[in-house]
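Residues per chain, in single letters:
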Amino acid sequence: MLLDTASLYFRAFYGMPDSLRTPDGQPVNAVRGLLDFIARLIRDHEATHLVACWDNDWRPQWRVDLLPSYKTHRVAVPEPGSAAAMVVGAGGVGAESGVAELAPDTLAPQVPWIEQTLTALGIPVIGVDGFEADDVIATLATRFAPACARVDVVTGDRDLFQLVDDEAGIRCLYTARGMSNLAAVDASWVREKYGIEPQRYADFAALRGDTSDGIPGVAGVGEKTAAVLVNAYADLAALVAAADDPTSGLTKAQRNRIVAGRDYLAYAGDVVRTRQDLEVAPTLTELRIPGAPVDPAAFTQLTDRLGLGTSAERIIDALSVVGAAPR
């Protein structure tokens, strides 16, 4: 099970009451909500191995260089000394861009607590400088799928649908409808929803656009047309070549739109497409879910200091059940 961690702790922050506080009065709803999510996920879906994938850089410079509008609307401009200024991307330190993601001031201080708590539990937190959690997920999913009966990617990000592969056993547990109503996204789900094969999702999203990530798309190309074009051509380069060929099957309007978007299409697919070649080298054994916190003293200290209460009890109980299951 690969967690799109920031996606989940943002959901926990907004879904759990801010009345959940540390003993000294600081909000701890994102930490407690994330622990509750993880406890439920690993039990309900019988996970054996788990990774909290991390955004060491939520807006990598190499993607911005290709598409300057990438996530621009989510860039924070915090007041000097505010909590948001202390967390790069509200997803961790180490980002090359040094640019923070727009996030509430009461969430930013909780992110280091999340990392500390997961580490004390023995849940690997893996990120790579210069890359997003999506790229970590893609690398680990494709690397370990051959050795696993199934790989579950837990996310609220549609871009990760490109990883869905029934033959390899990779699916997404999509959180858009809430943690109590997860969608198990397999190839048939993607076909029914979008009319395309999952591996073409990046090209589809580049054509259609995605306002949540600042992906403009090709002007005049909506979801249905994007699906038609993706199904008709092997890749975006072949589509652009077809637009230059008056004998191709494109309509005049389609040809004009693709020609107008030629420069954008030269790099848009690479912005949306996840990287699967990151230099991360954990073994499957290292990712096995522990039966109890690996650093019980640190976890107890965090539980007391942060007031994790029943959330701590739930995650310990889940670890004891899942960690004791046959491997």
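Coordinates for the structure precede this section.
Residues numbered from 1 in each chain as written. Predicted model: local features only at pLDDT ≥ 70, side-chain atom pairs only at ≥ 80, totals over all residues. Heavy atoms only, no water.

Q: Just checking my understanding: could you explain the sheet that holds strand 2 (residues 51–53) for this structure?
A: In a beta sheet, neighbouring strands pair by backbone hydrogen bonds and run either parallel or antiparallel. Reading across from one edge, 3-2-1-4-5-6 is the order of the 6 strands in this open sheet, with mixed pairing throughout. In this open sheet, the two edge strands, each paired with only one partner strand, are strand 3 (125–126) and strand 6 (183–185). Judged from the 5 bridges that link them, strand 4 (residues 151–155) and strand 5 (residues 170–174) form a sheet pairing that is parallel. The residue of strand 5 that forms the bridge with Val154 is Leu173. Of the strands in this sheet, strand 1 (2–4), strand 2, strand 3, strand 4 and strand 5 are in contact with helix 5 (residues 133–144), which crosses strand 1 at around 165°. (Pairing = 2+ DSSP bridges. Helix = DSSP H or I, 4+ residues; strand = E, 2+ residues; numbered from the N terminus. Contact = heavy atoms within 4.5 Å. Axes fitted to C-alpha atoms, helices over the stretch in contact; angles between N-to-C directions.)

Q: Just to check I follow, could you spell out the layout of surface pockets for this structure?
A: Empty space among the atoms becomes apparent when a probe as large as a water molecule is rolled across them. Its volume calculated, the largest pocket comes out at about 620 Å³. Considering each element in turn, the lining of the largest pocket owes the most residues, 5 residues, to helix 1 (residues 5–15). Per-class residue counts for the lining of the largest pocket are 9 nonpolar, 4 polar and 14 charged. In this model, the second largest pocket occupies a volume close to 430 Å³. Around the second largest pocket sit 23 residues that line it, and Met1, Thr48, His49, Cys148 and Arg150 are the ones nearest its centre. Listing elements by their share of the lining of the second largest pocket, those giving two or more residues are helix 5 and strand 4. The leading source of residues in the lining of the second largest pocket is helix 5, at 3 residues. (1 Å grid on protein atoms, 1.4 Å probe; cavity = no way out; pocket = protein on both sides within 12 Å on 5 of 7 lines; lining within 4 Å. Points joined across faces, edges and corners; volume = space filled by probe spheres on them. Nonpolar A, V, L, I, M, F, W, Y, C, P; charged D, E, K, R; others polar.)

Q: Is there a simple way to think about the packing of helix 7 (residues 201–208) against helix 11 (residues 262–272) in this case?
A: The packing of two helices is summarised by the inter-axis angle and the distance between the axes. Following both chains from N to C, one finds helix 7 and helix 11 inclined at 130°, their axes separated by 8 Å at the closest point. By the criterion of interaxial angle, the relationship of helix 7 to helix 11 is oblique. In this structure, helix 7 crosses over helix 11, and the sense of that crossing is right-handed. Side by side, helix 7 and helix 11 meet where Ala202, Asp203, Ala205, Ala206 and Leu207 of the first sit next to Tyr264, Leu265, Ala268, Gly269 and Val272 of the second. Counted by class, the contact of helix 7 with helix 11 contains 8 nonpolar, 1 polar and 1 charged residues. (Parallel < 35°, antiparallel > 145°, perpendicular 65-115°, else oblique. Left-handed = near helix turned anticlockwise from the far one by under 90°.)

Q: Any chance you could explain the pattern of salt bridges here in plain terms?
A: Where charged atoms of side chains with opposite charge meet at close range, the side chains can pair. Here the structure, examined in full by the defined rule, presents 17 salt bridges. Residues Asp135 and Arg63 are paired through a salt bridge, measuring 2.9 Å at the closest nitrogen-oxygen approach. Residue Asp135 is found in helix 5, and its partner Arg63 is found in helix 3 (residues 61–66); the two are separated by 72 residues along the sequence. The exposure class of Asp135 is buried, given its relative accessible area of 0%. By relative accessible area, Arg63 is classed as buried at 2%. Arg273 is the salt-bridge partner of Asp203, the closest N and O atoms lying 2.5 Å from each other. Of the two residues, Asp203 is situated in helix 7 and Arg273 in the loop between helix 11 and helix 12 (296–306); the sequence distance between them amounts to 70 residues. Overlapping salt bridges, with partners in common, bring together Arg63, Lys71, Glu132 and Asp135 in one network. (Salt bridge = Lys/Arg side-chain N within 4 Å of Asp/Glu carboxyl O. Buried < 20%, exposed > 50% of the residue type's maximum accessible area, 1.4 Å probe, protein only.)

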